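Fold and contact review
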Amino acid sequence: MKKQVEKNGFELLETREIKEISATAYYYEHKKSGAHFLNVKCEDNNKVFCVTFKTVPQDNTGCPHIMEHSVLNGSKNFPAKSTFMELIKGSLHTFINAMTDSDMTLYPVASTNNKDFYNLARVYMDSVFFPKIYEQPHILSQEGWHYDIKDPEDELKIIGVVYNEMKGAYSSPDNLIELNNQIAQFPDSPYKYDSGGNPKEIPQLTYEDFINFHKKHYHPSNSYIFLYGDADENEIMEMMDKEYLSQFKKDVEPVELPFQKPFTRTKKLEVEYPVEEGKDISEQYHLSLNYTYGKNPDLITVFAINALMDILMSTPASPLKRAILESGLAHDVRVSFNICILQPTFGIICKEVKKENIPALVQLITDELNRLVKEGIDKKLIEAVLNRREFFLREGPSGNFPKGLYYAFNVYHHWIHGGNPIDALAFEDILKELRRGLTEPYYEELIKKSMLKNHHSSQITYVPVPGLANKWEQEIKEKLAEEKKKLSEAMLNKLIEETREFQQWQQQQPTPEELARIPFLTLEDINPEAEAYPLELEKLGTKTILTHPLKTNGIVYLKAYFDLDHSPEEDLPWLALYASLMGMVDSKNYNYVDLSNEIYSHTGDLNLILNLRPSYQDPDIILLKFLLSGKALQNKTDKLIELAKEFALYPLFDDYDRLKLLIREAKAKLQTRLFYFAESIAINRLFAPSSQIHHFLDLTSGLDYYRFLCDLDKKLDQDIENIAHKLEQVRETYFCQNNLLISITSDEEAIKETINGLNPLLDAIPDKVYPPFERYFHPTDFNEGIIAPIQVQYCAKGGNFFRKGYSYSGKLRVLTNILNSEYLYRELREKGGAYGTWAGFTLNGYMYFVSYRDPNLERTLEVYDQTPEYLRNFECSKRDMERYIIGDISNLDYPKTPEGKGAQSDDDYITGFTQEDRQQIRDEVLSTRLEDIHQYADMIEEVMSMNHYCVVGNEAKLKAASKLFDRLTPLLS
Ligand SMILES: [Zn+2]
């Protein structure tokens, strides 16, 4: 440890260079308040700031979660209750959110703009330390729960943002499984409570408990502040010290998390979960085996358990996963992970099991684990898993996620349990320790200690109960009716008065003075030029090579797009199925276990997907492609190319038993996804009857595809030969050189090398030409209600505005920002209690409005219909309009990874979208005026009047509104 240095009231505890992530970490403690602060300084301009508190639930009222929502409703220096929304709609953030975990609450923001970043950090500090909740109890009512009754004759209802959010969460079987797995392992510790809140108990939260929770947990001495990137730390530290931390003293009781005493024997229990009314439940039992082992902040144990679960369960070669699936006793398996809490907890979840098979399944798992301990784990598999982990740690997160935030998440779990945060960033030493498993029985011992001989474990059977969601809903209704009966007239009138007062408060707009306090950028701070992504083009006969020279840290990203223009519609689900099986079946030169180990050992990823895009020039033209993509370090590109060929071009379908279990697994996985993405199901089914692209998406990843898999599942035994034959046909017919597109993203030299090494792949692709398939799409017109065993709705409404004679403009992006952050947010989230809601306008002319975990149905559709009226009366100052514009620029300018830039450039090339188009859209965004917004009222009115909608939701709710629908369809069959 270096000499102690003081800076802005912070004492420097340690400085360390972290080569792995090219950064230097500075670890401080704020002397007066006791706040912990880590600055991870590096060149990344996507800066991250995050304040986190250790928060320990004391019951199931969801207080930590409701607090997370509430503190973002106005604070001392930023009193507008909509401050958080103002930042979302008007700042250049690359990330802004808050989240509640089992034992902590995080408030992260990120931005690439210095001024913006400082503003966001300051507002977040103000919100968490000086929130308005102390003087405004309505905030708890809105974000948590409140009684709602407007007339003595009305039903008594409970509304609240978190209340509804959690009703949605309790509708998802997978959420319930994760939650109950944790509860079972911690009967005597706060981990037995749901920090998110159980809807049945949320209404027990009182204002007093709520305020006490803040006093106890939101003190600087219980705060862990993380800064990352090229920010000016002096400025931030000075602000934190002067304005916030120095106003507190550290002489408060620390927040403690008691330790759960390990069990002396494995616990067995049953937990009910909801499925649809009338469903055949014989194969719908789920089983979970849970283990608690070790103690945080022991990093090595956490990483080792993680690696062990990957070894046992996560790759196609993983032995435990194989044993379970091959036994046919369960159709889907996955890992349950909660290894970051004080006592790391993990488990195995087996889905779709017959009740009578549960003992056999438990025995099979025990036998397989014993076998592995005795015979040893395949070293190639261990190496494959560790190599993939290392690749992933070096590459950092992909997609739309700030790298710094990914590091923050890695640090926090360690930090709040008393660990040194810098240790959690330096992964070299940890990987070295994990590699001991290559020469000694490291993971075999871990299986023994953490699973086979670990009594702090539980076996839970999840029992399907048809109609349970409706029963819960009914119970709540009855309980409220009961409560209402007990109310005296005076008390009833008081509740009506309170509802009225509350609604008045909700209607109040922030004053101009309040709004003026929120710091914002101006249009002068915005770059008028759209970012261009590098693209070079080379023609090789009928093939095209696209290259994107970029700095990629020595990684090569390779993609091949195979043209599928010759595929008839009935082949589409087969193409989707084919893609999902790649890497899971044997190939010409490898069995699937060896193939998987090779892929994990030498590449960062390899996969095949269906790529469906409408042409930008003519949205009725659908561009259908197989996209084969992979990544590897530059010195492994030869291997990447060889494996890509095996993976996509040479799969074999002759192991019928394996094929059967893979198809069953695909069906089970999609079923889980349908619950998670119910809003996209609603949007997609809204358009599918009248839009070819949505129809295709439905056939290849949506509800139609699910039905296709269900059909296959029913005839697997008698039809498996035909199924295998059909997949072989896909392999023979849909990989051709004709119109083949290859794309490479890396630095110049690696690109050259990769092109030179492409031949083994190109030579393996047949040089066949098929005539394109003539497509005729016959639009139909109906509105569908989709029944699911859930307690909430997902309501989508919209249509195509091109068909009404309108065209796309960047101004629609600003309109979206206004609708999402103002109108829909206020009407559906604040007043209607829906957890989320948004509108969208796509480049190919589709407009949709959708709600997420929404207690309502008819009211929501009415709110959509009233949008034109809202827009005609919409007023805002020039300054406000600037904010809406800047808010959208934060989406347009979201920093992309090198892989993301390459992929965007490919997509532009394929769809015919040019840099001029991109610039035009940016110009339109930047020049949006109030008049433009008014003018869109007509367009929305015309589209809404077509009256196309689709709702996924609760059975009773949909049946009660059945006259709205031309058909009611079950989500699952
Ligand atoms: Zn929430």
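Below you will find a few notes about this structure. (Residues numbered from 1 in each chain as written. Predicted model: local features only at pLDDT ≥ 70, side-chain atom pairs only at ≥ 80, totals over all residues. Heavy atoms only, no water.)

Concerning the overall build of the protein chain
On a plain count of helices and strands, the protein chain comes out with 36 helices and 28 strands. Judged by the C-alpha coordinates and their principal axes, the protein chain covers about 80 × 65 × 60 Å. A buried classification covers 62% of the 973 residues belonging to the protein chain. Long-range contacts, defined as pairs at least 24 residues apart, comprise 82% of the intrachain contacts of the protein chain with a sequence gap of at least 6. On the protein chain, roughly 38,400 Å² of surface is accessible, and the fraction owed to carbon and sulfur atoms is 48%. (Helix = DSSP H or I, 4+ residues; strand = E, 2+ residues; numbered from the N terminus. Buried < 20%, exposed > 50% of the residue type's maximum accessible area, 1.4 Å probe, protein only. Contact = heavy atoms within 4.5 Å. Areas by Shrake-Rupley, 256 points an atom, 1.4 Å probe, with all protein chains shown as cover.)

A look at the environment of Ile-496
As for its position among the elements, Ile-496 is in helix H17 (residues 489–507). Taking relative accessible area as the criterion, Ile-496 reaches 16% and is therefore assigned buried. Remark: the alpha-carbon pair of Ile-496 and Val-593, spanning 97 residues in sequence, is separated by 66 Å. Leaving out residues up to four positions away in the same chain, Ile-496 has contacts with Ile-149, Lys-150, Asp-151 and Pro-152.

Quick notes on the packing of helix H24 (residues 692–701) against helix H25 (residues 703–714)
For the pair H24 and H25, interaxial distance at closest approach is 4 Å and the crossing angle is 35°. The handedness of the crossing between H24 and H25 comes out as right-handed. Contacts from Asp-698, Leu-699, Thr-700 and Ser-701 in H24 reach Leu-703, Asp-704 and Tyr-705 in H25. Its residues assigned to classes, the contact of H24 with H25 shows three nonpolar, two polar and two charged. (Axes fitted to C-alpha atoms, helices over the stretch in contact; angles between N-to-C directions. Left-handed = near helix turned anticlockwise from the far one by under 90°. Nonpolar A, V, L, I, M, F, W, Y, C, P; charged D, E, K, R; others polar.)

Quick look at empty space enclosed by the protein
Scanning the entire structure with this criterion turns up nine cavities of 30 Å³ or more. Around the largest cavity sit 17 residues that line it, and Pro-173, Gln-284, His-286, Gln-671 and Phe-675 are the ones nearest its centre. Elements with a contribution of two residues or more to the lining of the largest cavity: helix H6 (173–185), strand S12 (267–275), strand S15 (345–353) and helix H22 (656–676). Broken down by element, the lining of the largest cavity gets its largest block of residues, four residues, from H22. When grouped by side-chain class, the residues that make up the lining of the largest cavity number eight nonpolar, four polar and five charged. (1 Å grid on protein atoms, 1.4 Å probe; cavity = no way out; pocket = protein on both sides within 12 Å on 5 of 7 lines; lining within 4 Å. Points joined across faces, edges and corners; volume = space filled by probe spheres on them.)

Let's talk about the sheet that holds strand S25 (residues 836–841)
Within the open sheet, the six strands sit side by side as S25-S26-S24-S27-S23-S28. Their pairing is mixed. Each edge of the open sheet is held by one strand with a lone partner, namely S25 and strand S28 (967–970). The average angle at which neighbouring strand axes cross in this sheet is 15°, direction not considered. Here S25 pairs with strand S26 (residues 846–852) via six bridges, running antiparallel. In the sheet register, Phe-841 faces S26, and the bridge partner there is Met-847. Running at roughly 35° to strand S24 (residues 794–800), helix H23 (residues 678–687) makes contact with strand S23 (784–788), S24, S25, S26 and strand S27 (949–954) of the sheet. Helix H30 (residues 858–865) contacts S24, S26 and S27 of the sheet and is inclined by roughly 30° relative to S24. (Pairing = 2+ DSSP bridges.)

Points about the sheet that holds S15
Ordered by their spatial adjacency, five strands build an open sheet running S12-S16-S13-S15-S14, and the pairing between neighbours is mixed. Strands with a single pairing partner mark the edges of an open sheet, and in this sheet they are S12 and strand S14 (332–338). Taken over all neighbouring pairs, the strand axes of this sheet differ in orientation by 20° on average, direction set aside. The pairing of strand S13 (residues 285–292) with strand S16 (residues 457–466) spans six bridges and is antiparallel. Residue pairing in the sheet places Asn-290 in a bridge with Ser-458 of S16. Against the sheet, helix H9 (residues 299–314) engages S14 and S15, with an angle of about 180° to S14.

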